[in-house]
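One letter stands for each residue in the lines below.
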Amino acid sequence: MTQTDTIAAIATPLGTAGLGIIRVSGPMASEAGRLLFRPAHPNCNWQSHHAYHGDIVSACGTTTLDEVLVTLMRAPHSFTGEDVLEISCHGNPLILQSILEQLMTLGCRPARPGEFTERAYLNGRMDLSQAEALATIISAQSAKARQIGLAQMKGSLGRKVGDLRMLLIEALAGLEAAIDFTEDVHENETPALPPQIHEAIAGIELLLSTYRQARLFTCGINVIITGKPNVGKSSLLNSLAGRKKAIVTDIPGTTRDLITQTITLGGLAVHLTDTAGIRKPQDAIEKEGIDLVWEHLEQADIIVIVLDGSKPLTSEDRHILEHNKNRDCQMIIAVNKSDLPAVWSPDQLPDDLLQGFDMLKISAKSGDGLDALKKAVTDSTGSSDIVSDGGMITQLRHKLALEKALTHLMAARETITAGRSPEFTAFELHCALDALDEITGKKIQEDILHKIFSSFCIGK
Ligand SMILES: Nc1nc2c(ncn2[C@@H]2O[C@H](COP(=O)(O)OP(=O)(O)OP(=O)(O)O)[C@@H](O)[C@H]2O)c(=O)[nH]1
Ligand SMILES: [Mg+2]
C-alpha cells in the first residue's frame, strides 16, 4: 500500500537541545532533499543510507537555515518502506520549525501522531503488535519495560500469535476434511477433539497469565502508603524517595493531598503515593483528603499500611486493617518507629486481622528495614524469567483479543464434546482466528487502527 502524499514532522522533543531531527517520508522525500540541501562537497550522490554534510536553504534558495547532516533511506529499505529523508540539524525549535515550513512550501504535509509507524505497518514493514511495541519502548519507564518492548518489536508476540494461528489452521484442515466426508462418519460417533485446540487453549492461557506481571513492568507498580495520622507515612515516602518530598511534622493531619513520587527499584518504576492519615475528619478539607485516599486505594498494586510500633494500637488502626484485608492486591504492614521502644507486638493481634498481610518492622527515621520493604515491593512482580522469552502481553487490546480467541476455542471444544456437526466447530475456530488476527493487524477495523496510532507521538 503506497501513500501518495509526503509527510514531515519534527521527531525530537520540542525544546533546546544539541541536535534536532526532522523526518520526511513519501514519494517527495528525495526531491525535497535535493531542493533544500546544498552539499558541502560536490561528491554528494545521494546514496541510500549515507549521511551528507551541508546546508539547508529556503525553498527559494536565498537563505541558509542551518548546517546539517542529511540521510536519505530509499524505499523499500526504510522505516516506513517509503523514501525517508532525515535532516539532523541544531536543536533550536526555531531552526526546526523553519526547515519544516520549507518542506510544507514544497508540498509536504504535517504528519499525524504515529503516522510514520502507521505507514510502516501499512507497507508491511512490521505487524501491528510490533508497531505497538514501539510505543512501549518510547514510553518505557524501566529497563524491564524496555526489554519487553524490544522483544515485541523484534516480533516475539507476532511469532507466538503466528504459532497459535498455525495450530488453528491445522485443526481447521482436519475439520474441513471431516465436513467433506460427513456421510462416511457413522451417526452417534463423536469426532475426536483435535489436539491443536487443546494446545492453542494452553498457549493462550499462558500468554494471558503474563499480562499482570508485564503491566507492572511497563506501567510500573502503584504503591499506596496509608495509615492513621502521625504514624510516619510521609517520613516513609521521603526516606524511600531519598528527598524531602512531603511535609513531616508531629501534628496529626499534616498531609491532606495525595503526594506522589516515582522511584526505580530493581529496574522497575515504582509510583509511591503518600496519603492523608485516616481518622474521623476534623474539617471539610481533611474529609476531602480522606475520601481521596479510599478512592485511590482501589488503584493500588501494593498497599503499605503504616502502624506506629511505639504507641498502642487504636481503633483507627483496626478500622484501616479491617477495611483493606480483602483487597485483590498485595498488602504489607510496616510497623514503623522501630528505633523507639516497642509497646506492642504483632502476636498480641488477632490472627484474622493480620490475615493476608506481610508484616515488616521499619524505621523511616533511621532507615532500618527499608531494604526489606523495597525487596517486598519488587518481589511482588514475581519471577522475571518470562521477560527474556519476550512472550508477554502488555496491551489491554491484546489481552481482550486473546480472551475473545479463548472464548471461541472453549466453544469449539464444547461443540465437539456435545457431538455437534463439525461445521459448528469450524465456525468457532474461524472466529478465534479472527480474534488472533486483530493482534497482528491482519484483520482489524480501520477506526481501531486510527485509535492505536493516534496515541503515538508526532514524528514516530
Ligand atoms: N522516632 C521516629 N519518629 C518518626 C519515624 N517516622 C516518623 N516519625 C515522626 O513521626 C511524626 C509524624 O511523621 P509523619 O511522617 O508526618 O507522619 P504521617 O503519617 O505522614 O502523618 P499525617 O500526615 O499527619 O497523616 C514526625 O514527628 C516524624 O518525625 C520513625 O521511624 N522514628
Ligand atoms: Mg503525612
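Keep in mind it's a predicted model, so treat the numbers as computed, not measured. (Residues numbered from 1 in each chain as written. Chains lettered and ligands numbered in written order. Predicted model: local features only at pLDDT ≥ 70, side-chain atom pairs only at ≥ 80, totals over all residues. Heavy atoms only, no water.)

Comments concerning the overall build of the chain
Our working definition: In DSSP terms, a helix is any run of H or I states spanning at least four residues, a strand is any run of E spanning at least two, and both are numbered starting from the N terminus. Computation of the radius of gyration draws on C-alpha atoms, with the globule rule given as 2.2 Å multiplied by the number of residues to the power 0.38. Categorising residues by exposure relies on relative accessible area from a 1.4 Å probe, with only protein chains included: less than 20% of the type maximum marks a residue as buried, more than 50% marks it as exposed, and the intermediate range marks it as partly exposed. Contact definition: two residues touch when any of their heavy atoms are within 4.5 Å. Counted charges follow a simple rule, with Lys and Arg positive, Asp and Glu negative, and His plus the chain ends left uncounted. Taken as the charge centre is NZ of Lys, CZ of Arg, CG of Asp or CD of Glu, depending on the residue.
Looking only at helices and strands, the chain has 17 helices and 13 strands in total. For the chain, the C-alpha radius of gyration of 29 Å lies well beyond 23 Å, the compact-globule estimate for 460 residues. Dimensions of the chain, computed from the C-alpha atoms along their principal axes, are close to 85 × 80 × 40 Å. A buried classification covers 48% of the 460 residues belonging to the chain. Taking all contacts inside the chain whose residues are at least 6 apart in sequence as the whole, residues at least 24 apart take part in 70%. Both charge centroids of the chain, one from 43 positive and one from 57 negative side chains, sit 8 Å from each other.

Overview of the environment of Thr-226
If you trace the backbone, Thr-226 turns up in strand E8 (residues 221-226). Contacts of Thr-226, omitting those with residues within four sequence positions, involve Lys-233, Thr-275, Ile-278, Val-293, Leu-297, Ile-303, Val-304, Ile-305 and Val-306.

Here we look at the pairing of strand E12 (residues 330-336)
In regular strands, side chains alternate between the two faces of the sheet. The test is simple: When DSSP finds two or more bridges between two strands, those strands count as paired. Classification remark: right-handed applies to a crossover when, strands pointing away from the viewer, the course from the first strand over the helix to the second runs clockwise.
The element E12 is largely enclosed, with a buried count of 6 among its 7 residues. Here strand E11 (residues 302-308) runs beside E12; their pairing, made up of 7 bridges, is parallel. Bridge pairing in E12 places Asp-308 opposite Asn-336. Handedness of the crossover joining E11 and E12 through helix H11 (residues 315-322): right-handed.

Quick notes on the nonpolar core
The cut-off we apply is this: Definition used in this section: a nonpolar core is a set of buried Ala, Val, Leu, Ile, Met, Phe, Trp, Tyr and Cys residues joined via side-chain atoms within 4.5 Å.
Ile-221, Val-223, Leu-236, Val-270, Val-304 and Leu-373 are the most contacted members of the largest nonpolar core, which totals 32 residues. Of all the elements in the fold, those that place two or more residues in this core are helix H8 (211-219), E8, helix H9 (233-241), strand E9 (259-265), strand E10 (268-274), E11, E12 and helix H13 (370-379). Other than its neighbours up to four places away in sequence, Leu-236 contacts Ile-225, Val-304, Val-306, Ile-362, Ala-364, Leu-370 and Leu-373.

Concerning the site of ligand 1
Filter applied, for reference: Any residue with a heavy atom positioned within 4 Å of a molecule or strand is treated as near that molecule or strand. In protein, a polar contact requires one atom able to donate a hydrogen and another able to accept it; more generally it is a pair of N or O atoms within 3.5 Å, and residues adjacent in sequence count only if both atoms are side-chain atoms. Only the protein chains shown count as cover for residues, with accessible areas throughout obtained via the Shrake-Rupley method and a probe of 1.4 Å.
For ligand 1, the set of nearby residues contains 23 residues, the closest of which are Lys-233, Ser-235, Gly-253, Thr-255 and Asp-339. Lys-365 is positioned with one of its backbone polar atoms (N or O) 3.1 Å from an oxygen atom of ligand 1. When ligand 1 sits alone it has 650 Å² of accessible area, and the protein chains cover 89% of it. When residues in the shell around ligand 1 are grouped by element, the largest group, 3 residues, is from H9.

Regarding the domain arrangement of the chain
Under the convention used in this document: Where each domain begins and ends follows an automated or database-derived domain assignment. Throughout, the accessible surface (probe 1.4 Å) given up by two parts as they are put together, summed over both, is called the buried area. Each residue receives one of three labels: charged for Asp, Glu, Lys and Arg, nonpolar for Ala, Val, Leu, Ile, Met, Phe, Trp, Tyr, Cys and Pro, and polar for the others, Gly being one of them.
One can read the domain layout of the chain as domain 1 (7-126), domain 2 (131-210 + 392-441) and domain 3 (229-262 + 271-367 + 375-379). Domain 1 puts 4 residues into the contact, and the matching count from domain 2 is 4 residues. The contact between domain 1 and domain 2 buries some 300 Å² in all, and 71% of this surface belongs to carbon and sulfur atoms. Area buried by domain 1 at its contact with domain 2 is led by Thr-117, Tyr-121 and Met-126, which between them contribute 90% of it. On inspection of domain 1 and its partner domain 2, the count reaches 1 residue pair in polar contact (both at pLDDT 80 or more). Within the side of domain 1 that touches domain 2, the residues separate by chemical class into 3 nonpolar, 1 polar and no charged.

Description of the packing of aromatic side chains
To keep it simple, the criterion reads: Two rings from Phe, Tyr or Trp (for Trp, the six-membered ring) form a pair when their centres are within 6.5 Å of each other. A pair whose planes differ by under 30 degrees is stacked, one over 60 is edge-to-face, and the rest are tilted.
Evaluated as defined, the whole model comprises 4 aromatic pairs. Each ring, one from Phe-37 and one from Trp-46, has its centre 5.6 Å from the other, and the planes form 75°; the classification is edge-to-face. Each member of the pair Phe-37 and Trp-46 is classed as buried. Relative to Phe-456, the ring of Phe-453 lies with its centre 5.5 Å away and its plane at 50°, an arrangement referred to as tilted. A relative accessible area of 1% means that Phe-453 is categorised as buried. Taking the relative accessible area as the measure of exposure, Phe-456 reaches 7% and is therefore buried. Through successive ring pairs, a cluster of aromatic residues spans Phe-37, Trp-46 and Tyr-52.

Overview of the coordination of the magnesium ion (ligand 2)
Operational definition: Water is absent from the atoms considered, so a metal site may look incomplete; donors are defined as N, O and S atoms within 2.8 Å of the metal, or 3.2 Å for Na, K and Ca.
For the magnesium ion (ligand 2), the full set of protein donor atoms is Ser-234 (OG) and Thr-255 (OG1), at a range of 2.0 Å. Of the two residues, Ser-234 sits in helix H9 while Thr-255 sits in the loop between H9 and E9, which places them 21 residues apart along the sequence. Summarising the burial analysis for this pair, Ser-234 and Thr-255 share the class buried.

A word on the confidence of the model for the chain
To keep it simple, the criterion reads: pLDDT runs from 0 to 100 and stands for how confident the predictor is about each residue.
Here the chain averages 90 in pLDDT, while 95% of its residues score no lower than 70. Mean pLDDT in the chain bottoms out at helix H14 (residues 385-389), which sits at 49, and peaks at H9, which reaches 98.

Points about the sheet that holds strand E5 (residues 64-73)
To be explicit about the condition: The axes used here are C-alpha line fits, helices contributing only the stretch in contact, and every angle between their N-to-C directions lies in the interval 0 to 180 degrees.
One open sheet holds the 7 strands; their spatial order is E3-E4-E5-E6-E2-E1-E7, and the pairing between them is mixed. The open sheet has two edge strands with one neighbour each: strand E3 (37-39) and strand E7 (109-110). Bridging between strand E1 (residues 7-10) and strand E2 (residues 17-25) involves 4 bridges; their strand directions are antiparallel. Looking at the pairing, Ile-10 lines up with Ile-22 of E2. Sheet strands touched by helix H1 (residues 29-36): E2, E3, strand E4 (51-57), E5 and strand E6 (84-91). Its angle to E3, the strand with the most contacts, is close to 65°. Along the sheet, helix H2 (residues 93-105) makes contact with E1, E2, E4, E5, E6 and E7, crossing E6 at roughly 150°.

Some remarks on the packing of helix H5 (residues 143-153) against H8
The axes of two packed helices give the description: the angle between them and the distance between them. Here is the rule: What makes a crossing left-handed is the near helix being turned counterclockwise from the far one by less than a right angle; a clockwise turn instead makes it right-handed.
At their nearest, the axes of H5 and H8 sit 7 Å apart, and the two run at 115° to each other. Of the two possible hands of crossing, H5 and H8 adopt the one that is left-handed. In this structure, H5 uses Lys-144, Ala-145 and Ile-148 to contact H8, whose residues at the interface are Ala-214, Phe-217 and Thr-218. The residue makeup of the contact of H5 with H8, split by class, is 4 nonpolar, 1 polar and 1 charged.

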